[in-house]
Amino acid sequence: MESGAGKHWTEEEVKALLSIWSEKSIRKQLHGTLRNKGIFIYIAKRLQELGVCRDWKQCRAKYKNLKYEYRTVKYARNSGDATKTMKFFHDLDAILRCEPVAHLATEGNGRCSATEEQLNASPTADSSQGNPPPAVEASKTPAFIPTVANEGGKHWTVNEVRALIHIWSDKNIQQQLEGTVRNKRIFEQVAARLQKFGIDRDWKQCRTKYKNLKHEYKSIKNGQDSGSTSRSMKFFNELDAILGHGTMEQASKSDNEESERPPEWTNAKSGKDSIEIPGDTGEEDSVSNLSEDLQVADIKKVSDSEIAEDEEDFSSSTLAALEATQIKKETVDIDDDSISSTSEDRSCTPLAKQILETDNRIPLEGAQNHFKVITVNDTGAGKHWSDNEVRALINIWSDEKIQQMLEGATRNKEIFEEIARRLMKRGIDRDWKQCRTKYKNLKYEYRALQKENEHLGNPRRKMRFYDEVDCILRRQPLGPSGWGCESSSLLSVSVGDVTANTGSLGIKRKTWNDEMSPIPLKKSASENTIFQFQKLLTERVNTVTEGKKLLLERLCKQEEMQDLNRTQLYAHPSAMQQVPVAATVAAMAPAASDLKLGKKVNEGKTKEVYELPDIPGCVLMQSKDQITAGNAARKDRMEGKAAISNTTTSCVFQLLQEAGIKTAFVRKQSDTAFIAAHCEMIPIEWVCRRIATGSFLKRNPGVKEGYKFYPPKIEMFYKDDANNDPQWSEEQLIEAKFSFAGLTIGKTEVDIMARSTQAIFEILEKSWQPQNCTLVDLKIEFGVNILTKEIVLADVIDNDSWRLWPSGDRSQQKDKQSYRDLKEVTPEALQMVKRNFEWVAERVELLLKTKSQGRVVVLMGSTSDLSHCEKIKKACTTFGIPCELRVTSAHKGPDETLRIKAEYEGDGIPTVFVAVAGRSNGLGPVMSGNTAYPVVNCPPLSSDWGAQDVWSSLRLPSGLGCPTTLSPEGAAQFAAQIFGLNNHLVWAKLQSNMLNTWISLKQADKKLRECTL
């Protein structure tokens, strides 16, 4: 039996398969193809869109069986046996009768190949000869069929090889391939350009064909050099023009001249045009840029497409600027950072050398050749760091918490991932390896310079950012000079020259005579000149410093806005939340009236989704004044519903986000819309039930309404309106092998979504309890963030998403079920439904607040324990619990200890006491024996007597209930668990922390199994 055969195909499933098979592009791909796994994977995905769940092996098996059965019946009929028949015979006859038959032509070298006319011929060319049209109308849009990413694959046709050689002949591609070891990105570009010729090859196949052609050419070339002319190969002259440094004019005289190039070559853009680079490798092709250190050019990172579009503007504007300013050759100051021996700075060297050797201005025709695509390899080195990027890195490095984490840390990947995330918030795209490499280089250069200055007495040698790095490594506060121009750079500028900013070109020119009034040449002329120059320079430095300080303050405020409720970064580096750069950009987004909408991404029954050109990575979720039921079988307009739904969703997402749940929500934009991170939605509705009701009773006869599930019941439904959203199992979802934004949905991802669904339900259930409302069930959806590639809670959670029963009474329901239950929709009935929605919207805002009070009071035996107590206070802050620190000794001042205790008992605010006392702990037991409030010991144990001291906290007299925890964070969590019993906001943070810890372990296990940890 063919592998992949299995469950019987229904008539509807076969019809769906035939409808896809009948498409012209599918037939063309299937004809004559031996390795067709990629085609059937595509067909299986298309079938899933039609509601048919079949894997690629089953599709291929059914395809072969239908073909075999058709040919058997066809042969019998041609032999005169008209009794033999089969289902779908006429449909198959319409498809298979149109298949082209490629006649093989013998070439001069004895090989057989199809002629180009046959290769380019339409597979339905004979339909005009009177054949019946296809049974199912084929799609007019050619399908993009993904290939299987293996090194070999489907045979390369003549046209495909010609296209590859055509791209290979591009000088830019040749230069990149020369001496390159890690060339994945180059072949991804080649594959992208082949796509424009209509050739679907992945980068591995391109690399394999490139190597094979090169090997075959070298073998024949060596044979010819040895005098052997018996061996030959196709495209030898073209390859000789590339590898033998010949010209393409010679290649045009090859034996393949009789075959013209395919017409799509002339329509496709050349190698200098824009290149779309598919894939989600996490790396970006960039344009080699001169650093600001060279003070020659500051070419920003742009894509190839932007270069192509701006070539004309660049030519004219640059020429005009150069002629207007008459820039002459000046001495170029290259500091130590610019001529660093590390690989990350080498990309600038050839261009800098070329400019240094130029006698006059930079030639215009050479300016465009300065753009060179470079790749970022896995070592962490890459394109040159600009001054602004290094300043931002040093600014983050100067954070005391970052320094503490870096001290003594051996495995510091998580720390540098956090640094890279912060850089991303400031618009700087660097991965963690690049950040670590630059960090090490700065430290190495600083220490090497320090040693040289100490031993050789050579204080004249400088490095950029020396003072800033010195302040960090010496643990001194970083002065404002670090964010202006460096002192070492300023002193290297000659008195007669002032650095002038000319647009985007940082080129020095003579401006002293133009900007400063001439000073009479007296005895003190040079002193006056230096004084005025220093005054001018100081003013400029102050201006730049103030501007950058304001910018940094703004960035820091935005960072605080996004990270108010981040999990404990320094206690658990692996649990750091990845806040997308889109969220930071959205914080600076224009007002609602000024927000520019892009194209409509999607439209549902109750909302529309629009791109936001001004906020990359974000979309606008616009609600509609529409209410539906039964997959839009009932649909009505309800005035004001958009604003009600938007309020409900915004409050719910804000509650979950502050608790620590990862969501796509960014901020509320207007009364009827909010901004969210752009996600690729997973087509599964996750339902969590506490009480059995609704459709569950229909699907599970015998279960009475009101049956309670402990733990909550998790169900999932595949989004397919045509089939009324069928229920799926975990196994079906895993076997579907969905992939969104580069993330394949497997067992780990399904478990994460299931666990998150239960946690989200329990958080909202607990939040509704103070309102005396029972959350019966909840429906949510997840998506994959296109920037961070992680699963987040997406879509909306409004009154359509749950069932709410005030006081647990179904007759008082306030959710959309009140609309579903209407026998007849009248204006009066719609007003009743609207009042229910308004009732929910008013109370959902109360979920963000709590009437419950609570505090933690930390009592320390002496101020020597202050650092230990500060950790407890910081951990309490993450749970939103106020914390106070007091100093008292139960041994030396028991009366004062009891007075402090009475002070906090008297105001009626629930309090948890934490006793921090070293050596002999009398503080905790004394407090526990004299108060009904909870007391927890958290002794700061020392390394010498800690093993003995801890017994004073563990061995207590009878009648005392005073638990002991050694971790400061553990003491804070103990207090949070007590307050969480009556405070839903604290309880939500605890629940979220448990979920995020579970998810991090699940992901770590997956990486370990995949050997990517």
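Residues numbered from 1 in each chain as written. Predicted model: local features only at pLDDT ≥ 70, side-chain atom pairs only at ≥ 80, totals over all residues. Heavy atoms only, no water.

How two aromatic rings sit relative to each other is set out by the distance from centre to centre and by the angle between their planes. Scanning the model with the defined rule gives 22 aromatic pairs in all. Summarising the aromatic geometry, the rings of Tyr-446 and Tyr-466 are spaced 5.3 Å apart at their centres and angled 40° between planes, so their arrangement reads as tilted. Placement of the pair is Tyr-446 in helix α20 (residues 432–456) and Tyr-466 in helix α21 (residues 466–473), with a sequence separation of 20 residues. Between the aromatic rings of Phe-738 and Phe-740, the centroid separation amounts to 5.6 Å while the plane-to-plane angle is 40°, which identifies the pairing as tilted. For the pair Phe-738 and Phe-740, a shared accessibility class is recorded, and that class is buried. Each residue in the set Tyr-718, Trp-728, Phe-738 and Phe-740 is aromatic and connected to the rest through ring pairs, giving one cluster. One residue, Arg-464, lies across the ring of Phe-465, its end atom 5.7 Å from the ring centre. (Phe/Tyr/Trp six-rings, centres within 6.5 Å; stacked < 30°, edge-to-face > 60°. Helix = DSSP H or I, 4+ residues; strand = E, 2+ residues; numbered from the N terminus. Buried < 20%, exposed > 50% of the residue type's maximum accessible area, 1.4 Å probe, protein only. Lys NZ or Arg CZ within 6 Å of the ring centre and 35° of its normal.)

Moving on, we get to unusual backbone geometry. Backbone torsion omega between Tyr-710 and Pro-711 reads -5°, so that peptide bond is classified as cis. Relative to the elements of secondary structure, Pro-711 occurs in strand β14 (residues 708–718). Here the phi dihedral of Phe-235 falls at roughly 65°; this positive angle occurs in a residue that is not glycine. One can find Phe-235 in the loop between α10 (203–225) and α11 (236–243). Residue class for Phe-235 comes out buried when judged on its relative accessible area of 5%.

Mapping Lys-851 onto the fold places it in the loop between α31 (827–844) and β21 (855–860). Lys-851 sits in the exposed class, given a relative accessible area of 86%. Expressed as a C-alpha distance, the spacing of Lys-851 and Pro-770, which sit 81 residues apart in the sequence, is 9.0 Å.

Glancing now at the confidence of the model for the protein chain. The pLDDT averaged across the protein chain works out to 74; a share of 66% of its residues lies at or above 70. Taken together, the stretch residues 246–381 has pLDDT below 50 and engages in 208 contacts with residues farther than four places along the chain or on a different chain. Across residues 480–526, confidence stays below pLDDT 50; counting only partners more than four residues off in sequence or on other chains, it has 77 contacts. (pLDDT = per-residue confidence, 0-100. Contact = heavy atoms within 4.5 Å.)

Take helix α9 (residues 184–196) next. For α9, built from 13 residues, the straight-helix expectation of 18 Å at 1.5 Å per residue is met to within 8% by its first-to-last C-alpha distance of 19 Å. The buried fraction of α9 is high, at ten of 13 residues. Among the residues making up α9, those that are buried are Arg-185, Ile-186, Phe-187, Glu-188, Gln-189, Val-190, Ala-191, Ala-192, Arg-193 and Leu-194. In the segment just after α9, Gly-198 is the residue with positive phi, at about 80°. (Expected span 1.5 Å × (residues − 1).)

To continue, consider the pattern of salt bridges. The full count for this structure, using the stated rule, is 42 salt bridges. Across the pair Lys-719 and Glu-781 runs a salt bridge whose closest N-O atoms are separated by 3.1 Å. Here the residue Lys-719 occupies a position in the loop between β14 and β15 (727–728), and Glu-781 occupies one in strand β18 (residues 773–785), the gap between them amounting to 62 residues. Classification of Lys-719 by relative accessible area gives partly exposed; the value is 36%. For Asp-751, the salt bridge identified is with Lys-1002, shortest N-O distance 2.9 Å. A residue pair is termed long-range when its members are at least 10 positions apart, and Asp-751 in helix α29 (residues 747–768) and Lys-1002 in helix α38 (residues 984–1009) qualify at 251 residues. Judged by its relative accessible area of 23%, Lys-1002 falls in the partly exposed class. Here the residues in one salt-bridge network are Arg-689, Arg-699, Glu-715, Asp-777 and Arg-803, joined through shared partners. (Salt bridge = Lys/Arg side-chain N within 4 Å of Asp/Glu carboxyl O.)

Moving on, we come to the sheet that holds strand β23 (residues 911–916). Spatial strand order, β22-β21-β23-β24: four strands in an open sheet with parallel pairing. Each of the sheet's edge strands pairs with one partner strand only, and the pair in question is β22 (883–887) and β24 (935–937). This sheet shows a mean twist of 20° between the axes of neighbouring strands, independent of strand direction. In terms of strand pairing, β21 meets β22 through five bridges, oriented parallel. The partner of Val-858 across the bridge, within β22, is Leu-885. This element, helix α32 (residues 866–878), spans β21, β22 and β23 of the sheet and lies at about 165° to β22. (Pairing = 2+ DSSP bridges. Axes fitted to C-alpha atoms, helices over the stretch in contact; angles between N-to-C directions.)

Further remarks concern the packing of helix α1 (residues 11–21) against helix α4 (residues 56–78). At their nearest, the axes of α1 and α4 sit 12 Å apart, and the two run at 85° to each other. Of the possible angle classes, the one that applies to α1 and α4 is roughly perpendicular. Listed contacts from α4 to Val-14, Leu-17, Leu-18 and Trp-21 of α1 are Lys-62, Tyr-63, Leu-66 and Lys-67. Grouping the amino acids of the contact of α1 with α4 by side-chain chemistry returns six nonpolar, no polar and two charged. (Parallel < 35°, antiparallel > 145°, perpendicular 65-115°, else oblique. Nonpolar A, V, L, I, M, F, W, Y, C, P; charged D, E, K, R; others polar.)

This next bit is on the side chain of Arg-201. Tracing the backbone through its elements, the reader meets Arg-201 in the loop between α9 and α10. Classification of Arg-201 as buried rests on a relative accessible area of 2%. Only 3.0 Å separates the side chain of Arg-201 from the side chain of Glu-160, close enough to count as a polar contact. (Polar contact = N/O pair within 3.5 Å; in protein donor to acceptor, adjacent residues only side chain to side chain.)

Take the sheet that holds strand β6 (residues 607–611) next. With respect to topology, five strands assemble into an open sheet ordered β5-β6-β7-β11-β10, the strand pairing being antiparallel. Only two strands of the sheet have a single neighbouring strand rather than two, namely β5 (600–603) and β10 (665–668). Strand-to-strand twist of the sheet, defined as the mean angle between neighbouring strand axes without regard to direction, takes the value 25°. Relative to strand β11 (residues 673–677), strand β7 (residues 618–623) runs antiparallel, the two sharing five bridges. Among the inter-strand pairings, Cys-618 is bridged to a residue of β11, identified as Ala-677. Sheet strands touched by helix α26 (residues 641–659): β7, β10 and β11. Its angle to β10, the strand with the most contacts, is close to 130°.

This part is about the nonpolar core. Counting residues in hydrophobic clusters, the biggest one holds 62 residues, and the most contacted among them are Trp-686 and Trp-802. At ten residues, α29 tops the list of elements feeding residues into this core. Not counting chain neighbours up to four residues away, the residues in contact with Trp-686 comprise Ile-714, Glu-715, Met-716, Leu-733, Val-750, Met-753, Ala-754, Thr-757, Leu-778, Lys-779, Ile-780 and Phe-782. (Core = buried A, V, L, I, M, F, W, Y, C linked by side-chain atoms within 4.5 Å.)

Attention now goes to the packing of α26 against α38. At their nearest, the axes of α26 and α38 sit 8 Å apart, and the two run at 60° to each other. Taken together, the axes of α26 and α38 are oblique relative to one another. Together, Leu-655, Glu-658 and Ala-659 of α26 and Leu-985, Ala-988, Lys-989 and Ser-992 of α38 make up the contact between the two elements. When its residues are assigned to classes, the contact of α26 with α38 shows four nonpolar, one polar and two charged.

Positionally, Glu-870 belongs in helix α32. Given the relative accessible area of 39%, Glu-870 is considered partly exposed.

What follows covers the environment of Leu-923. Tracing the backbone shows Leu-923 in helix α34 (residues 923–930). Looking at Leu-923, the relative accessible area reads 3%, which means it is buried. Sequence separation of Leu-923 and Pro-894 is 29 residues, and the distance between their C-alpha atoms is 8.7 Å. With sequence-adjacent residues up to four places away left out, Leu-923 is seen in contact with Leu-859, Met-860, Gly-861, Thr-888, Ala-890, Thr-897, Ala-915, Val-916 and Ala-917.

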